[in-house]
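Single-letter residue listing:
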Amino acid sequence: MESWIWWLLAAVGLGIPLVLTALPEFAMFAVGAGAAALAAGLGAGVVLQFLIFVGVSVALLVLVRPIAYRQLRQAPEIRTGTAALIGATAVVQQQVDGEGGRIKLNGEIWSARALHPGSVYEPGQQVDVVEIQGATALVV
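*Asks:* Any chance you could break down the overall build of the protein for me, citing the residues and the numbers?
*Replies:* Helix and strand content of the protein: 3 helices and 5 strands. The linear arrangement of helices and strands in the protein, starting from the amino end, is α-α-α-β-β-β-β-β. A compact globule built from 140 residues would reach a C-alpha radius of gyration of about 14 Å, whereas the protein, at 30 Å, exceeds it by more than 25%. By its C-alpha atoms, the protein is 85 × 25 × 20 Å across when sized along the principal axes. Per-residue burial over the protein gives 26% buried out of 140 residues. A sequence separation of at least 24 residues applies to 49% of the contacts in the protein between residues at least 6 apart. Of the accessible surface of the protein, which amounts to about 8,800 Å², a share of 65% is contributed by carbon and sulfur atoms. If the 7 positive side-chain charges of the protein are averaged to one point and the 9 negative ones to another, these points end up 5 Å apart.

*Asks:* Residue-level account of the sheet that holds strand β1 (residues 89–94), with values.
*Replies:* Each strand in a sheet pairs with another by means of backbone hydrogen bonds, the pair being arranged parallel or else antiparallel. Ordered in space as β1-β2-β3-β5-β4, the 5 strands form a closed barrel in which the pairing is mixed. Each strand axis lies, on average, 55 degrees off the axis of its neighbour in the sheet, ignoring direction. Sheet topology note: the β1/strand β4 (residues 126–133) ladder contains 3 bridges and is antiparallel. Residue Thr89 lies in a different strand from β4, and its bridge partner there is Asp128.

*Asks:* Could you give an account of the pairing of strand β3 (residues 108–114), with specific residues and numbers?
*Replies:* Side-chain direction in a regular strand flips from residue to residue, so the side chains alternate between the two faces of the sheet. Of the pairings in the sheet, the one linking strand β2 (residues 102–105) to β3 comprises 4 bridges and is antiparallel in character. Looking across to β3, one finds that Ile103 is bridged to Trp110. Hairpin geometry of β2 and β3 is characterised by an intervening segment of 2 residues between the two adjacent antiparallel strands and by a positive phi of about 55 degrees at Asn106. In the sheet, β3 pairs with strand β5 (residues 136–139) via 4 bridges, with the strands oriented parallel. The residue of β5 that forms the bridge with Arg113 is Leu138.

*Asks:* Could you give me a rundown of the packing of helix α2 (residues 24–41) against helix α3 (residues 46–73), with the residues and numbers involved?
*Replies:* Orientation of α2 relative to α3, taken along the N-to-C sense of each, is 150 degrees, at an axis distance of 8 Å. As judged from the angle between their axes, α2 and α3 are roughly antiparallel. In this structure, α2 meets α3 at a crossing whose hand is right-handed. Residues Pro24, Glu25, Met28, Phe29, Val31, Gly32, Ala33, Ala35, Ala36, Ala39 and Ala40 of α2 pack against Gln49, Ile52, Phe53, Val56, Ser57, Leu60, Leu61, Val64, Arg65 and Tyr69 of α3. Of the residues in the contact of α2 with α3, the class split is 16 nonpolar, 3 polar and 2 charged.

*Asks:* How would you explain the packing of aromatic side chains if you had to name every residue and give the values?
*Replies:* In the structure shown here, the tally under the stated rule is 2 aromatic pairs. On the basis of an interplanar angle of 40 degrees and a centroid distance of 5.2 Å, the ring pair of Trp7 and Phe53 is categorised as tilted. Pair noted here: Trp7 is in helix α1 (residues 3–21) and Phe53 is in helix α3, with a separation of 46 residues, a long-range link. The class of Trp7 is buried, set by a relative accessible area of 15%. Ring centres of Phe50 and Phe53 lie 6.5 Å apart, and the angle between their planes is 40 degrees; on these two criteria the pair is classed as tilted. Note that Phe50 and Phe53 are positioned in helix α3 at a spacing of 3 residues, about one turn of the helix.

What counts and how
Residues numbered from 1 in each chain as written. Predicted model: local features only at pLDDT ≥ 70, side-chain atom pairs only at ≥ 80, totals over all residues. Heavy atoms only, no water. Helix = DSSP H or I, 4+ residues; strand = E, 2+ residues; numbered from the N terminus. Rg over C-alpha atoms; globule rule 2.2 N^0.38 Å. Buried < 20%, exposed > 50% of the residue type's maximum accessible area, 1.4 Å probe, protein only. Contact = heavy atoms within 4.5 Å. Areas by Shrake-Rupley, 256 points an atom, 1.4 Å probe, with all protein chains shown as cover. Lys, Arg positive; Asp, Glu negative; His and termini not counted. Charge placed at Lys NZ, Arg CZ, Asp CG, Glu CD. Pairing = 2+ DSSP bridges. Axes fitted to C-alpha atoms, helices over the stretch in contact; angles between N-to-C directions. Parallel < 35°, antiparallel > 145°, perpendicular 65-115°, else oblique. Left-handed = near helix turned anticlockwise from the far one by under 90°. Nonpolar A, V, L, I, M, F, W, Y, C, P; charged D, E, K, R; others polar. Phe/Tyr/Trp six-rings, centres within 6.5 Å; stacked < 30°, edge-to-face > 60°.

The following block contains the structure:
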């Protein structure tokens, strides 16, 4: 069997763990094996094929891998629970002042308190949630 076929089988073999584990390093080795298969198809010797495989694989690991991992770390943070409510807009249902009141936040009625004790918000007015303390939203 010709050597380019062996390199293609190696590329496919390296693609299987890539699919199963989602580790991008296997893709880089598979591309290296594909480059070696191309070199073998063009008539390169076995030593040159191996050097191309190693060279392409190492180059991809050194150049592409850090960029890929940097992109993965920059994924946006997903806020959940009460942290997701901070910054949301609510509608006052019952007068809100420094002592308390009620707001409608994301379709639910919440107890609320004005962040600044002298502030008073009337029913129908829109307010922004600044903080959640227990089951009480602090609003401005």
